[in-house]
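Chain and residue survey
Residues per chain are reported as follows:
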Amino acid sequence: MGKKNKRKLEAGTLAIHAGYHPDASGAVNPPIYQSSTFAFRDAEHGARLFKGEEAGWIYTRIGNPTIRALEDNIAALEGGARGMACSSGMAASNTLFFALLGKGDHVIVTDAVYGPTRLVLESHWNRFGVELSAVDTSDLDKVRAAVKSNTRMLFIETPANPTLKVTDIAGCSEIARKIGAVLVVDNTFMSPVLQRPFEHGADIVLHSVTKFINGHSDVVGGLIVFREEPGYELVYKPWYMLGATMDPHQAYLVYRGVKSLQLRALLAQENARMIAKFLEQHSAVASVAYPGLKSHPQRKLHKRQADGPGSLISFELKGGLKAGVKLMNSVKLMTLAVSLGGIETLIQHPASMTHAGMTPEQRQAAGITDGLVRLSVGCEDVDDLLDDVEQALS
Ligand SMILES: *Cc1c(COP(=O)(O)O)cnc(C)c1O
């Protein structure tokens with residue numbers, strides 16, 4: 001998969017080096033330009049910057065050197081043209097909806113997408129006349145059937161949250177191209193170390209950097225990457241008009257986190273493979289959803305478009321919801337918390353937590369059963385994690 005990558009360097013190298021080179025001070029890490037505004041050399045200089053005749057910094061909501069280092073780093077990792085940092089993952093998706101959709105436009109979204117992504121379209125963007133179809137995008141026929149004459153955007157998440165159903169990125173790209181719609185891929189679950197949607201025809205990639213990219217559960221942030229410069233240009237003004245910008249200190253922390261992205265993603269994935277296998281053979285477990293298991297119905301598709309199965313596992317206990325609650329209350333090392341992609345292992349219950357905003361019918365249709373438990377496997381020693389799951393299950 002990585003072979004047809006148009007990036008010049010590999011992910012581990014880019015994560016450490018892309019976006020910043022020591023400046024005149026020699027500082028190995030990007031200085032935190034904690035300044036809302038930047039001084040002009042003279043009135044003419046200021047006027048040239050505003051006219052766009054000269055590159056430079058004006059005001060942090062519309063650009064800042066520390067933030068730029070992070071934007072360039074993630075853009076390089078994804079193999080895209082430009083990055084755009086946002087205050088959160090939701091700020092990133094809302095920036096795209098604000099910039100690219102209007103009254104009478106229609107968007108198709110993965111039904112089991114990150115809960116608030118679907119909710120904000122359903123209960124807020126619809127107030128401004130944006131139409132939504134939430135469909136099981138893992139079935140391309142359903143995507144085709146949902147297309148309307150006013151479809152402007154396909155917004156997919158693969159693997160989806162928390163069902164781990166896989167959507168064919170190239171297949172969706174083909175559909176989007178035919179109807180002149182933009183394909184947005186939320187790549188939060190995989191990170192660019194494991195999946196680079198531009199290689200399969202995506203136009204825009206979105207990240208909640210809160211998760212794997214920052215990786216330490218201490219920052220909320222988002223990032224949009226555009227495959228081509230014109231896409232960036234189209235969204236740039238709406239982004240800074242909306243005020244969805246990241247803060248320089250936030251950007252510095254995420255830049256610090258991304259340096260170890262590959263180390264963390266690969267180690268967590270190895271841990272997850274072992275835990276998924278352990279869960280699958282355990283007598284208390286009814287089913288396990290993990291793209292790395294032979295039992296995953298779309299394992300081959302996932303393998304075609306990603307470099308690994310990642311570190312999120314969903315599973316169902318034979319005792320259903322009651323047993324799931326008991327399990328979450330019995331783990332000792334794992335932390336009962338939402339979010340994912342951190343260095344520590346987190347466990348949560350989607351039906352009562354991340355996806356509680358959906359109606360029971362919507363959850364059922366999206367395959368989010370009441371007994372489903374989601375595990376975001378971290379980088380602890382796997383033997384300790386296995387001991388914890390084992391004692392909690394018994
Ligand atoms: C967390 C998450 C988001 C939203 O990101 P925030 O940083 O919490 O705003 C979007 N998509 C996915 C897949 C997520 O996991």
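Fair warning: this is a prediction, and the values are worked out from it, not measured in the lab.

1. Description of the overall build of the protein
Along the backbone of the protein there are 15 helices and 12 strands. On C-alpha atoms alone, the protein measures out to a radius of gyration of 21 Å, which is about the 21 Å that the 2.2 N^0.38 rule sets for 394 residues. Along the first, second and third principal axes, the C-alpha set of the protein runs to 75 × 50 × 35 Å. Every one of the 394 residues in the protein was classed for burial, and the buried ones make up 57%. Sequence-distant contacts, at least 24 apart, represent 72% of the contacts inside the protein between residues at least 6 apart. A total of about 16600 Å² of accessible surface is found on the protein, and carbon and sulfur atoms cover 55% of it. Placing the 41 positive and 41 negative side-chain charges of the protein at their respective mean positions leaves the two points 4 Å apart.

2. Quick look at the site of the ligand
In the vicinity of the ligand, 13 residues are found, and the nearest of them are M90, D186, S208, T210 and K211. A distance of 2.7 Å separates an oxygen atom of the ligand from a polar side-chain atom of T210. The separation between an oxygen atom of the ligand and a polar side-chain atom of K211 is 2.7 Å. Coverage of the ligand by the protein amounts to 93% of the 380 Å² it exposes when considered alone. Residue classes in the shell around the ligand are distributed as 4 nonpolar, 6 polar and 3 charged.

3. Here we look at the nonpolar core
Counting residues in each nonpolar core, the largest one holds 51 residues, and the members touching the most others are L70, I74, L77, L154 and L183. The leading source of residues in this core is helix 3 (residues 65–78), at 6 residues. Split by domain, this core shows at least three residues from each of two domains, domain 1 (11–258) and domain 2 (261–393). Counting 30 residues, the second largest nonpolar core, distinct from the first, contains L49, V113, M153 and F155.

4. Some details on the pairing of strand 3 (residues 131–135)
Regular strands place their side chains on alternate faces of the sheet. Bridge count between strand 2 (residues 106–110) and strand 3: 5 bridges; the pairing is parallel. Considered in strand 3, the bridge of H106 is made with E131. Once you follow strand 2 into helix 5 (residues 115–123) and on to strand 3, the crossover reads as right-handed.

5. Some words on the domain arrangement of the protein
Interface size is often expressed as the accessible area that is lost when the parts come together. Here the protein is partitioned into domain 1 (11–258) and domain 2 (261–393). The straight-line distance from the C-alpha centre of domain 1 to that of domain 2 is 26 Å. With 42 residues of domain 1 at the contact, the number on the domain 2 side is 42 residues. Carbon and sulfur atoms supply 59% of the area buried between domain 1 and domain 2, which totals about 3200 Å² over both sides. The interface formed by domain 1 and domain 2 holds 2 salt bridges in total. Between D168 and R304 there is a salt bridge, and its shortest N-O distance comes to 4.0 Å. Among the elements of the structure, helix 1 (11–17), helix 5, helix 8 (191–194) and helix 10 (248–258) are those that each provide at least two residues to the side of domain 1 that touches domain 2.

6. Description of the packing of helix 4 (residues 89–100) against helix 9 (residues 229–242)
Packing of helix 4 against helix 9 leaves a shortest axis separation of 9 Å and a crossing angle of 115 degrees. Taken as a pair, helix 4 and helix 9 cross one another with a handedness that is right-handed. Contacts from N94, T95, L96, F98, A99 and L100 in helix 4 reach L234, V235, P238, W239 and L242 in helix 9. Taken together, the residues of the contact of helix 4 with helix 9 sort by class into 9 nonpolar, 2 polar and no charged.

What counts and how
Residues numbered from 1 in each chain as written. Predicted model: local features only at pLDDT ≥ 70, side-chain atom pairs only at ≥ 80, totals over all residues. Heavy atoms only, no water. Helix = DSSP H or I, 4+ residues; strand = E, 2+ residues; numbered from the N terminus. Rg over C-alpha atoms; globule rule 2.2 N^0.38 Å. Buried < 20%, exposed > 50% of the residue type's maximum accessible area, 1.4 Å probe, protein only. Contact = heavy atoms within 4.5 Å. Areas by Shrake-Rupley, 256 points an atom, 1.4 Å probe, with all protein chains shown as cover. Lys, Arg positive; Asp, Glu negative; His and termini not counted. Charge placed at Lys NZ, Arg CZ, Asp CG, Glu CD. Near = heavy atom within 4 Å. Polar contact = N/O pair within 3.5 Å; in protein donor to acceptor, adjacent residues only side chain to side chain. Nonpolar A, V, L, I, M, F, W, Y, C, P; charged D, E, K, R; others polar. Core = buried A, V, L, I, M, F, W, Y, C linked by side-chain atoms within 4.5 Å. Domains from an automatic or database assignment. Pairing = 2+ DSSP bridges. Right-handed = clockwise from strand over helix to strand, strands pointing away. Buried area = accessible area lost by both parts, 1.4 Å probe. Salt bridge = Lys/Arg side-chain N within 4 Å of Asp/Glu carboxyl O. Axes fitted to C-alpha atoms, helices over the stretch in contact; angles between N-to-C directions. Left-handed = near helix turned anticlockwise from the far one by under 90°.

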